[in-house]
Amino acid sequence: MPERLFFAVQPPPPSRAMLAGSVAAMGRPARRVHADDLHLTLAFLGEVGGTEAPSRAGDRAATQAPPFSLALDRFGLWRRRGIAYAAPSRVPSALLALHSALWSALEAEGWSRERRPFRPHLTLARGAVRAPRQVTVDPWRVEHLLLLASGPPPAPRYRVLASWALGGAAAE
Ligand code: 2AM
């Protein structure tokens, strides 16, 4: 069965626990993202039958992009979409470079670049009407690019299909 695939980076477990705490008391109707699943999406591919082509793209992008540090220090709500999120107040150029390398590699494999502009964020809850609480999360070193699959709505849980060390073999 085709699954919804996407590329993402993930904070380490202690940071995910802190981030999940920022939406601990959101009340209904907010659907909180499970702490294990918190991620920042780089490329959403939609329903894809096989993983071979995205894996090639992931491999190529990760080889080109070095590890970098990322701080999620801005918490907000996109009221219209009901998305409570955490985002970097300053987007590191290395994150943009990884996003760009990934899309170049995906385009070479036949995918069309997403039209919506890249607004790096980590979704904390959907169906939210309140902004999350501001919590302090230590900046973390992004060392891996992940290919994830999402299960069916309304409460998708994510599965890691592949993981690549940024910087490729040189970083290992
Ligand atoms: P979101 O966090 O802003 O909802 C899995 O669905 C991930 O892919 C989510 O993080 C989601 O972003 C992202 N995504 C990007 N484009 C999407 C789309 N068109 N439909 C669903 N999810 C999308």
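Preceding this paragraph is the structure being described.
Residues numbered from 1 in each chain as written. Predicted model: local features only at pLDDT ≥ 70, side-chain atom pairs only at ≥ 80, totals over all residues. Heavy atoms only, no water.

Chemist: Got a minute to help me understand helix α1 (residues 13–21) in this structure?
Modeler: Given 3.6 residues per turn, any residue in an α-helix points the same way as the ones three and four places further on. Listed as buried for α1 are S15, R16, L19 and A20. For α1, the arc enclosing every buried residue in end-on projection is 140°, short of the 170-degree limit, so these residues lie on one face. Next to the buried residues of α1 lie β5 (74–78), β6 (83–87) and β7 (122–126). (Buried < 20%, exposed > 50% of the residue type's maximum accessible area, 1.4 Å probe, protein only. Helix = DSSP H or I, 4+ residues; strand = E, 2+ residues; numbered from the N terminus. Arc of directions from axis to C-beta. Contact = heavy atoms within 4.5 Å.)

Chemist: Would you explain the pattern of salt bridges in this entry?
Modeler: Pairs may arise between side chains of opposite charge once their charged atoms sit close together. Here the structure, examined in full by the defined rule, presents seven salt bridges. A salt bridge links R159 to E3; its shortest N-O distance comes to 2.7 Å. Of this pair, R159 sits in strand β10 (residues 158–165) while E3 sits in strand β1 (residues 3–9), and the two are 156 residues apart along the sequence. Across the pair R141 and E143 runs a salt bridge whose closest N-O atoms are separated by 3.8 Å. A relative accessible area of 39% places E143 in the partly exposed class. Through salt bridges with shared partners, one network takes in D36, D37 and R157. (Salt bridge = Lys/Arg side-chain N within 4 Å of Asp/Glu carboxyl O.)

Chemist: I keep staring at a positive patch on the surface and nothing clicks. Help me out?
Modeler: Residues R74, R80, R81, R116 and R119 make up a contiguous surface patch of positive charge. Here R80 shows up in the loop between β5 and β6. The class for R80 is exposed, based on a relative accessible area of 80%. (Patch = residues over 30% accessible without salt bridge, like charges linked within 9 Å, V, L, I, M, F, W, Y side chains within 5 Å. Areas by Shrake-Rupley, 256 points an atom, 1.4 Å probe, with all protein chains shown as cover. Lys, Arg positive; Asp, Glu negative; His and termini not counted. Charge placed at Lys NZ, Arg CZ, Asp CG, Glu CD.)

Chemist: For this particular structure, what's the right way to read the packing of helix α2 (residues 52–64) against helix α3 (residues 93–108)?
Modeler: Describing two packed helices takes the angle between their axes plus the distance from one axis to the other. Where α2 meets α3, the closest approach of the two axes is 8 Å, and the angle between their N-to-C directions is 145°. Relative to α3, the crossing made by α2 is right-handed. Seen from α2, the contacting residues are A57, G58, R60, A61 and Q64; seen from α3, they are L98, A101, L102, A105, L106 and A108. (Axes fitted to C-alpha atoms, helices over the stretch in contact; angles between N-to-C directions. Left-handed = near helix turned anticlockwise from the far one by under 90°.)

Chemist: I tried to follow the packing of aromatic side chains on my own but got confused; where do I start?
Modeler: Centre-to-centre distance and the angle between the planes together describe a pair of aromatic rings. The final tally for this structure, using the stated rule, is three aromatic pairs. With centroids separated by 6.0 Å and ring planes inclined at 35°, the aromatic side chains of F7 and W164 adopt a geometry described as tilted. Placement of F7 in strand β1 and of W164 in strand β10 is noted, with a sequence separation of 157 residues between them. Each of the two residues, F7 as well as W164, counts as buried. Geometrically, the ring pair formed by W78 and Y85 is stacked, given 4.2 Å between the ring centres and 25° between the ring planes. For the residue pair W78 and Y85, the accessibility class agrees, reading buried in each case. (Phe/Tyr/Trp six-rings, centres within 6.5 Å; stacked < 30°, edge-to-face > 60°.)

Chemist: Would you take a moment to explain the side chain of H121 for this structure?
Modeler: As for its placement among the helices and strands, H121 is situated in the loop between α3 and β7. Of note is the side chain of H121, whose polar atom sits 3.4 Å from the side chain of T123. Apart from residues lying up to four places away in sequence, H121 is in contact with H39, L40, T41, W78, Y85, A86 and A87. (Polar contact = N/O pair within 3.5 Å; in protein donor to acceptor, adjacent residues only side chain to side chain.)

Chemist: How do you make sense of the pairing of strand β9 (residues 144–150) when you look at a structure like this?
Modeler: As a general feature of sheets, a regular strand has side chains that alternate between the two faces. Counted residue by residue, β9 has six buried out of seven residues, so it is predominantly covered. In the sheet, β1 pairs with β9 via five bridges, with the strands oriented antiparallel. By the bridge assignment for β9, R4 is matched with S150. Where β9 and β10 come together, seven bridges link them in antiparallel fashion. Of the residues in β10, the one forming a bridge with L148 is V160. (Pairing = 2+ DSSP bridges.)

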